Amino acid sequence: SGILLLDLINDILDFSKAEAGKLRPRDQTVDFRTVAEVPLRFIRHDIESKKLSFVDEITDDLPPLRADARMVTQILINLLSNAVKFTPSGGTVAMRAFVDHDGSFVVAVSDTGIGIAPQDMPVVMSAFGRADNLHGRDHPGTGLGLPLVKSLIEAHDGSFELESKPDVGTVATVRFPADRVLSEQAEHGEGPGKKAGGGL
């Protein structure tokens, strides 16, 4: 409960910074697989209790990212938590991570959940928005998750895309630009908690 409360406070503070134009990533060399372990542990209990299938489609040869490790973790926690929250028992949640043909670093979280109607898309992307078809009262939350994800990835000069169909599922995709994808030579062996040599 304490961890959830702290996460909620951090979300509100970060969203407030984003609204004020003061959200700045602290660039580090981030190993995505290592950073992803935290949110995956965070949702493991809910996956097991709801008897969901989790599909890990993170490629093993991913290059490191120049990014803020805490913000990347927040992005993943929000996307994975939403996917698990709105997927009925027996459904499937998947996470993909790969480098696209244009050199950008793509992370996609998909689910077979209840989905979002087209008219509700603007609502769920607005601060504190709760779409009626998501049965918001049955699923606790602030409605900050998706707007915060958008703010966090845009702070990295990236983009966020949400595709959904009611009763079919949702795919949430964040894309880090190619100039944030580091070569092995640029990494120099630095871990996810250290500043990158060329960071801001």
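Please refer to the structure higher up on the page.
Draft legend 1. Representation of the overall build of the chain within the structure. Helix and strand counts for the chain come out as six helices and seven strands. Sequence-ordered secondary structure for the chain, helices as α and strands as β, is α-β-α-β-β-α-β-β-α-α-β-β-α. Looking at the chain as a whole, 47% of its 200 residues qualify as buried. Sequence separation of 24 or more characterises 71% of the internal contacts of the chain that already satisfy a separation of 6 or more.

Draft legend 2. Focus on the sheet that holds strand 6 (residues 159-165). Taken together, the five strands give an open sheet; going across it, the order is 2-4-5-7-6, and neighbouring strands pair in mixed fashion. Where the open sheet ends on each side, the last strands, each with one partner, are strand 2 (53-58) and strand 6. With direction set aside, neighbouring strand axes in the sheet form an average angle of 10°. Here strand 2 pairs with strand 4 (residues 92-99) via six bridges, running parallel. Paired with E57 across the strands is R96, a residue of strand 4.

Draft legend 3. Region of the structure containing unusual backbone geometry. The phi dihedral of K51 is positive, around 55°, even though this residue is not glycine. Positionally, K51 belongs in the loop between helix 2 (32-49) and strand 2. For K51, a relative accessible area of 65% corresponds to the exposed category. Notably, D157 is not glycine yet its phi reads approximately 65°, a positive angle. Inspection of the secondary structure puts D157 in the loop between helix 5 (145-155) and strand 6.

Draft legend 4. Inspection of the side chain of T173 at higher detail. Relative to the elements of secondary structure, T173 occurs in strand 7 (residues 169-176). Once residues lying within four places of it in the same chain are set aside, the contact partners of T173 are V106, V107, A108, S159, F160 and E161.

Draft legend 5. View of the nonpolar core. Counting residues in each nonpolar core, the largest one holds 42 residues, and the members touching the most others are F32, L79, M95, F160, V174 and F176. Per-element accounting of this core gives the leading share, nine residues, to helix 3 (residues 69-85). Those residues in contact with V174 that lie beyond four places of it in its chain are I75, L79, F105, V106, V107, V149, I153, S159 and F160.

About the thresholds
- The residue count restarts for each chain, going from 1 along the sequence in the order it is written.
- In keeping with the predicted nature of the model, local features appear solely for residues at pLDDT of at least 70, side-chain atom pairs appear and are counted solely at 80 or more, and the whole-chain, interface and lining totals rest on all residues.
- With hydrogens and water stripped out, all remaining heavy atoms of the structure feed into the side-chain values.
- Elements are defined by DSSP. Helices are runs of H or I of four residues or more, strands are runs of E of two residues or more, and each kind is numbered from the N terminus.
- Note on exposure labels: buried denotes an accessible area under 20% of the residue type's maximum, exposed denotes more than 50%, and partly exposed covers the range between, all computed with a 1.4 Å probe on protein chains only.
- Throughout, a residue-residue contact means that at least one pair of heavy atoms, one from each residue, lies within 4.5 Å.
- By definition, two strands form a pair when at least two bridges between them are found by DSSP.
- Angles shown run from 0 to 180 degrees and are taken between the N-to-C directions of axes, each axis being a line fitted to C-alpha atoms and, for helices, limited to the stretch in contact.
- Residue types Ala, Val, Leu, Ile, Met, Phe, Trp, Tyr and Cys, when buried and joined through side-chain atoms within 4.5 Å, form a set referred to as a nonpolar core.

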